[in-house]
Amino acid sequence: PCKEIHLHYLNKWSVMDVFKSSLKDISEEDQELLDSPLIVDKVHQLCKGIPRFAVELAQAVNLKWMSSLGSLSPVKGDRSDYFETLLQDIPSSKIEELICYRFDHLTYEGQMLLKIASVAGFDNYSFSQNLIETLILSFSRSLPIGGGSEEINVPTSVGNIQDINKMFQGEVFEQILETLIEDNYLEEVSAEMGDVSSLDTELYRFVNRDEQMIINGLMLEDQKMRTHHEVAQYYETRLGGDVTTDEEWSNSAFSSDFSMLPSLNWQMLHITALHYDMAEAPIKAMVHYFDSGSELARLGVRDRAHGSLLSSYLMLEKRMHQVSELDIPQINEGDQKRWRLSKLMVEKIGSKELPLSMQKLTPKHLEIMFASDIDSFVKCITMLTKFGQSVGTIEKEGYKFGSDIYLQAIFLLLLALKDAAFERTKSRMGQLLGLLENSTDVDETQVDNEDGFFIEDLAVSFPAFSGLLTFYRDSPIEVNKEQETTLANLFVAVTKEASEDVHMLRTKCILSHLYLKHGDVTRALEESEDIKRVYEHEQHSLELAKLYGMDWCLICIGTMTSIYIFRGEITAAFDNIRFLEQQLLIIDEFASSTKAMMCQFVSSLYLILFQYRNAKEAANGISQTQYPYFYKPSGILQEGLSTKLWSLYDTNGAISGDECTESAERNDFGVCSILDAEDLYAVNHNRSMLFASIETLSDRGIEAIKAALCVAEIEILEREKESGEILQKQIKYCISGLAYLHQSLQQKDANSEEKRINYMSCLYQKAELLAWHKYLRQKLCAYNLSLPEVLSYGNDESEIHEISSALRECENLSDAHDYPFMLMLVGWSYVEFNVDSSMGERILQKSLQRIKDISIKDYTEAKKCLGFLKDGVDRRNWNGKLEG
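All values reported here derive from a predicted model rather than from experimental measurement.

Rules and cut-offs
- Sequence positions are assigned chain by chain, starting from 1 and proceeding in written order.
- A pLDDT threshold of at least 70 governs which residues receive local features in this predicted model, and a stricter bar of 80 or more applies before side-chain atom pairs are shown or counted, although totals over entire chains, interfaces and linings include all residues.
- Excluded from the side-chain calculations are hydrogens and water; all other atoms, namely the structure's heavy atoms, are used.
- In DSSP terms, a helix is any run of H or I states spanning at least four residues, a strand is any run of E spanning at least two, and both are numbered starting from the N terminus.
- The buried label applies to any residue whose accessible area, calculated with a 1.4 Å probe on protein chains only, is under 20% of its type's maximum; exposed applies above 50%, and partly exposed to all values in between.
- Between two residues, a contact is recorded if the distance between any of their heavy atoms is within 4.5 Å.
- Pairing of aromatic side chains here covers Phe, Tyr and the six-membered ring of Trp, requires ring centres within 6.5 Å, and sorts the geometry by plane angle: under 30 degrees stacked, over 60 edge-to-face, intermediate tilted.
- Sitting over a ring, as applied to charges here, requires NZ of Lys or CZ of Arg to be within 6 Å of the ring centre and within 35 degrees of the ring normal.
- Each axis is a line fitted through C-alpha atoms, and for a helix only the stretch in contact is used; angles between axes span 0 to 180 degrees, taken between their N-to-C directions.
- It is the rotation of the near helix from the far one that decides the hand of a crossing: anticlockwise by less than a right angle makes it left-handed, clockwise makes it right-handed.
- Asp, Glu, Lys and Arg are counted as charged, while Ala, Val, Leu, Ile, Met, Phe, Trp, Tyr, Cys and Pro are counted as nonpolar; the rest, among them Gly, fall into the polar class.
- Given the number of residues in a helix, its expected span is that number minus one, multiplied by 1.5 Å.
- Within 3.5 Å is the distance limit for a polar contact, defined as a pair of N or O atoms, with the added protein rule that one can donate a hydrogen and the other accept it, and that residues adjacent in sequence qualify only through two side-chain atoms.
- Whether two strands pair depends on DSSP finding at least two bridges between them.
- Convention used here: angles under 35 degrees read as roughly parallel, angles over 145 as roughly antiparallel, angles from 65 to 115 as roughly perpendicular, and any remaining angle as oblique.
- Throughout this description, the term salt bridge denotes a Lys or Arg side-chain nitrogen within 4 Å of a carboxyl oxygen of Asp or Glu.
- By nonpolar core is meant a set of buried Ala, Val, Leu, Ile, Met, Phe, Trp, Tyr and Cys residues that side-chain atoms within 4.5 Å join together.
- Patch building starts from residues that exceed 30% relative accessible area and form no salt bridge, then joins like charges within 9 Å and nonpolar side chains (Val, Leu, Ile, Met, Phe, Trp, Tyr) within 5 Å.
- Where accessible areas are quoted, they stem from the Shrake-Rupley method and a 1.4 Å probe; at the residue level, only the protein chains shown are allowed to cover.
- Neither His nor the chain ends contribute to the count of charged residues, in which Lys and Arg are positive and Asp and Glu negative.
- Charge coordinates come from a single atom per side chain, which is NZ of Lys, CZ of Arg, CG of Asp or CD of Glu.
- What pLDDT expresses is the predictor's confidence in each residue, scored from 0 to 100.

Student: When you look at the overall build of the chain in this model, what are you seeing that I'm missing?
Tutor: When helices and strands are tallied, the chain shows 41 helices and three strands. Looking at the chain as a whole, 56% of its 884 residues are labelled buried. Counting contacts in the chain only where the partners sit at least 6 residues apart, residues at least 24 apart contribute 76% of the total.

Here it is, written out as structure tokens:
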């Protein structure tokens, strides 16, 4: 009889000897090339120390080598590279055949353990002994898994119960694992490399990923789904209870503590989500992907958090598609009506259609989709609001997709509102929606049927309304006034169901900006005053940051303060500034980016009023903030500008000319880099949302701030000893500033109601830069130096014409829209730039009289500002610069 002998696995050098000896047709000279460490390691990896595999592999390589012999290069290096390529290109069928042959010689118990491990270690994750034991034991149960809409009807066993029980007698299970390690299937890994789910047992990983995938492919699809679901449940029961809250999410993007490494809860949540995904349980996967993203956001890893949100959203889409295809005969008339009206509302506020799968959803579909689990639905709405915000701030032109996501969140909310709440909302919106129902027909005391799938916490959806309105305000999405107004009113209608001041305040912020956008400045200011009266820091600031990302009340008041200044209501502006400064003393710097942004706003307001020391003190420290935030780039520029202007014009003369120059050399914020553009005056109509947002919320956008920095650099250089080189540098700053202003002034909506302050500021600065260019160009002639074409702008006549044109347009806008403070600046510019002194004096008198008609206090403050402006001009010695 034949005697069975179990051979030990060979080491890599012994395997290589067997492999080389089997290459019968390959010359000894070529075989010497096989001694490369890369080739030795690859052969051992493929053969697993098994002589039979080495022989099979050699035969496959031999055939390939001989068939290519005629075309091979005689160079040794090339022939060695070809050997490596051959080993990489061994047909997958051959590798699979070798792996299956080895697998077939395992015991039944070993095969079952490896199959289950191939699922537990999916995507090259490690797995614990405790997890494998738990999974194998679960297969002795005959219980369905999942439940409700996501029930998975699959075989509940992969083996005989008696065989499974034998595995856990004595040391049998441990011996099976040891055998698999000896056979080079599995390897132990350290806790640091593991999934940290079970540190009380050993952790393992497949040695070879190809082998893991082929063994996984030997399982039935239903068995794999069942195993993935069991793995997900195992991890879910071991997750910590400290998953990031919504408040922590809001704060996380601004966290300054990046050095700490908390628990890897995010990783376990991600693994759990991944297994639910593979188990075809998309809602469970959606929830855990979202929770994983929340944890990552808490750690400040925004890009990774964004990826988790995307995975969560894809799971929702997957489930929506599944449910939308269901034929549900029992949909009642009320659900059908709710579906039609919800679609109508979203069509009235959106610029694009909802996804087809979502358009088919009724309240009954939602109930099935979420297996009557309202908590998962609330998590879904929260995920959509966070994902919409993340897409809008991270992805290029993300406002397009972000607005679609917000619309989806609003539609799902409308479907899940309680009947009475929906009726009240519909009543408030009836006229805007063109509905025939009379609001008096609505019973405000209507009691909801408690049975059904309804959302109680409407506040989770409010950031979707707020975010969509922000996209409509700050991005080039083409929406009309009706859509925007309907959205704002729908937001107001829904927030009334919450009956909380924090939501009312946010809607007032929205309405204030909306009134401003559509030209009703008086009502915009009235709303901001109402906000100031109701607002209480302790009650509202953190709640606003938690729900809406920032304390929008302070942002709104800051925006309206610049309107007050340009309207000549300077006393009201100072009241607002003092209010904002009080808030800056108590606001939590790390709760949101509001504090840093308000420092920028207050600094900018002081610059309008020519109070340079206050402007510098307000902006001080913005660049040193350790956390990222959306508006930080403009904040850094504002801090730089206020510092430079303070050093130039501070009445105490604290900074010398040399120190100014040193400061300029240290950092001019790269403003002249624009001169490297292929087409200096090409207008970019696809700027990021940041540019549009700052132009809307503040008195000066990013390009206007950069242009002001250019003026500051010119004036700093003016303090140096004049030379041809200095003049050329100054002209570079001139042209750079004009290019920035051109970019802002030529935007399609540059002169829109909500951006008009920035537009007029750009016109005002354009006149100033043109005056400088004319003066500097004339000076340069004395040095017999010519300007490169890129630095040329025109001749004396054309520059005077453009200065007059910019000032005249600014004057007309100030007159038409009642901005006497801006009119005062224009009048002084006519005098300062020697364009038309008599006209300038008339405009000055007219503007000051208008401000005096508002109040004597405002007139006094305006005269004080004009005095600051004149003092600054005297210090930079403009007198006589533009003569002739």
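From this point on, the discussion continues.
Student: Would you explain the environment of Lys-352 in this entry?
Tutor: Tracing the chain through its elements places Lys-352 in the loop between α17 (333-349) and α18 (356-359). In sequence terms Lys-352 and Asp-404 are 52 residues apart; their C-alpha atoms lie 7.4 Å from each other.

Student: I'm lost on the packing of aromatic side chains in this one. Help?
Tutor: Aromatic ring pairs: the centre-centre distance and the angle between the two ring planes describe each pair. Taken as a whole and assessed by the stated rule, the structure comprises 16 aromatic pairs. With 5.6 Å between their ring centres and 70 degrees between their planes, Tyr-234 and Tyr-235 make a pair best called edge-to-face. Considered together, Tyr-234 and Tyr-235 belong to a single accessibility category, that of buried residues. Centroid distance Phe-370 to Phe-377: 5.3 Å. Interplanar angle 85 degrees. Geometry classified as edge-to-face. For Phe-377, a relative accessible area of 0% puts it in the buried group. Connected via pairs of aromatic rings, a cluster forms that spans Phe-127, Tyr-204 and Phe-206. Taking the ring centre of Tyr-548 as reference, the NZ or CZ of Arg-506 above it sits at 5.8 Å. One Lys or Arg, Lys-616, reaches over the ring of Trp-646 and ends 4.7 Å from the middle of that ring.

Student: Is there a simple way to think about the packing of helix α3 (residues 37-47) against helix α4 (residues 51-67) in this case?
Tutor: Geometry of a packed helix pair, given as the angle between the helix axes and the separation of the axes. In contact at an axis separation of 9 Å, α3 and α4 are set at 120 degrees when each is read in the N-to-C sense. Crossing handedness for the pair α3 and α4: right-handed. Facing α3, whose interface residues are Val-43, Leu-46 and Cys-47, α4 presents Phe-53, Ala-54 and Leu-57. When the residues that make up the contact of α3 with α4 are grouped by side-chain class, the tally is six nonpolar, no polar and no charged.

Student: Sorry, what's going on with α17 here?
Tutor: One turn of the α-helix equals 3.6 residues, which is why residues spaced by three or four share an orientation. Counted at 1.5 Å a residue, the expected span for α17 with its 17 residues is 24 Å, and the 25 Å between its end C-alpha atoms agrees. Residues of α17 that are buried: Asp-335, Arg-338, Leu-341, Ser-342, Lys-343, Met-345, Val-346 and Ile-349. Between the side-chain oxygen of the N-cap and the backbone nitrogen of Gly-334 there are 3.1 Å, and the N-cap of α17 in question is Asn-332.

Student: Is there a simple way to explain the pairing of strand β3 (residues 203-206) in this structure?
Tutor: Put simply, side chains in a regular strand alternate between the two faces of the sheet. Burial along β3 is two-sided: Leu-203 and Arg-205 facing one way and Tyr-204 and Phe-206 facing the other are all buried. Pairing geometry for strand β1 (residues 127-128) and β3, over two bridges, is antiparallel. Each residue of the ladder has a partner; that of Ser-128, found in β3, is Leu-203. Here four bridges tie strand β2 (residues 186-189) to β3, and the two strands are oriented antiparallel to one another. Bridge pairing links Glu-187 to Arg-205 in β3.

Student: Whenever I open this one, the packing of helix α23 (residues 462-474) against helix α25 (residues 501-517) confuses me. Can you help?
Tutor: Running from N to C, α23 and α25 cross one another at 15 degrees; their axes reach a closest spacing of 11 Å. Relative to α25, α23 is oriented roughly parallel. Crossing angle aside, the handedness with which α23 passes α25 is left-handed. Of the residues in α25, those touching α23 at Phe-462, Ser-466, Leu-469, Thr-470, Tyr-472 and Arg-473 are His-503, Arg-506, Ile-510, His-513 and Lys-517. Broken down by class, the residue content of the contact of α23 with α25 amounts to four nonpolar, four polar and three charged.

Student: Would you explain the environment of Glu-295 in this entry?
Tutor: Looking at the secondary structure, you find Glu-295 in helix α15 (residues 282-298). Between the alpha carbons of Glu-295 and Trp-266 there is a distance of 5.2 Å; along the sequence they are 29 residues apart.

Student: Got a minute to help me understand the pattern of salt bridges in this structure?
Tutor: A side chain of one charge can pair with a side chain of the opposite charge if their charged atoms are brought near each other. The tally for this structure, following the rule as stated, stands at 33 salt bridges. Linking Lys-766 and Glu-802 is a salt bridge whose minimum nitrogen-to-oxygen distance equals 3.4 Å. Taken together, the residues span a long stretch of sequence, with Lys-766 in helix α37 (residues 756-781) and Glu-802 in helix α38 (residues 796-816) at a distance of 36 residues. A relative accessible area of 25% means that Glu-802 is categorised as partly exposed. In this structure, the salt-bridge partner of Asp-815 is Lys-846, at a minimum N-O distance of 3.1 Å. Of the two residues, Asp-815 is situated in helix α38 and Lys-846 in helix α40 (residues 837-854); the sequence distance between them amounts to 31 residues.

Student: I tried to follow the nonpolar core on my own but got confused; where do I start?
Tutor: Taken as a class, soluble globular proteins show a tendency for nonpolar side chains to be buried jointly. Leu-366 and Phe-370 are the most contacted members of the largest nonpolar core, which totals 240 residues. The element contributing the most residues to this core is α37, with 14 residues. Residues in contact with Leu-366, not counting those within four places in the same chain, are Leu-361, Phe-377, Leu-412, Leu-415, Ala-416 and Phe-453. Ranked by size, the runner-up nonpolar core spans 24 residues in total, among them Val-15, Leu-23, Leu-34 and Leu-87.

Student: Got a minute to help me understand unusual backbone geometry in this structure?
Tutor: With the exception of glycine, the majority of residues adopt a negative phi angle, and the majority of peptide bonds are in the trans configuration. You will see that Ser-372, though not glycine, has its phi angle at about 60 degrees, which is positive. Its location among the elements puts Ser-372 in the loop between α19 (363-369) and α20 (374-394). In this structure, Asn-834 is a non-glycine residue whose phi angle is positive, near 60 degrees. Position of Asn-834 among the secondary structure elements: in the loop between α39 (820-832) and α40.

Student: How do you make sense of a negative patch on the surface when you look at a structure like this?
Tutor: A cluster of like negative charges, contributed by Glu-171, Glu-178, Glu-182, Glu-188 and Glu-202, occupies part of the molecular surface. Structurally, Glu-171 can be placed in the loop between α9 (161-167) and α10 (172-182).

Student: Sorry if this is basic, but what is going on with helix α34 (residues 689-697) here?
Tutor: Counting buried positions along α34 yields eight of nine residues, so the element is predominantly enclosed. Within α34, the full set of buried residues consists of Met-689, Leu-690, Ala-692, Ser-693, Ile-694, Glu-695, Thr-696 and Leu-697.

Student: Is there a simple way to think about the confidence of the model for the chain in this case?
Tutor: For the chain, mean pLDDT is 83; residues scoring 70 or higher make up 85% of the total. In the predicted structure, residues 143-149 sits below a pLDDT of 50 and forms 16 contacts with residues beyond four places in sequence or in another chain.

Student: Would you take a moment to explain the sheet that holds β1 for this structure?
Tutor: Within a sheet, adjacent strands bond to each other through the backbone by hydrogen bonds, running parallel or antiparallel. Strand order across the open sheet formed by three strands is β1-β3-β2, with antiparallel pairing between neighbours. With one partner strand each, in any of the chains shown, β1 and β2 form the two edges of the open sheet. Against the sheet, α10 touches β2 and β3, its axis set at about 105 degrees to β2.

Student: What exactly am I supposed to notice about the environment of Gly-300 here?
Tutor: Relative to the helices and strands, Gly-300 is located in the loop between α15 and α16 (302-324). Gly-300 gets classed as buried once you look at its relative accessible area, which sits at 19%. In sequence terms Gly-300 and Tyr-627 are 327 residues apart; their C-alpha atoms lie 8.6 Å from each other.

Student: Teacher, can you tell me more about the side chain of Ser-604 here?
Tutor: Take Ser-604: it is sitting in helix α30 (residues 594-608). Look at Ser-604 and you get buried, because its relative accessible area is 2%. Beyond its immediate stretch of four places on either side in the chain, Ser-604 contacts Gln-638, Ser-698 and Asp-699.

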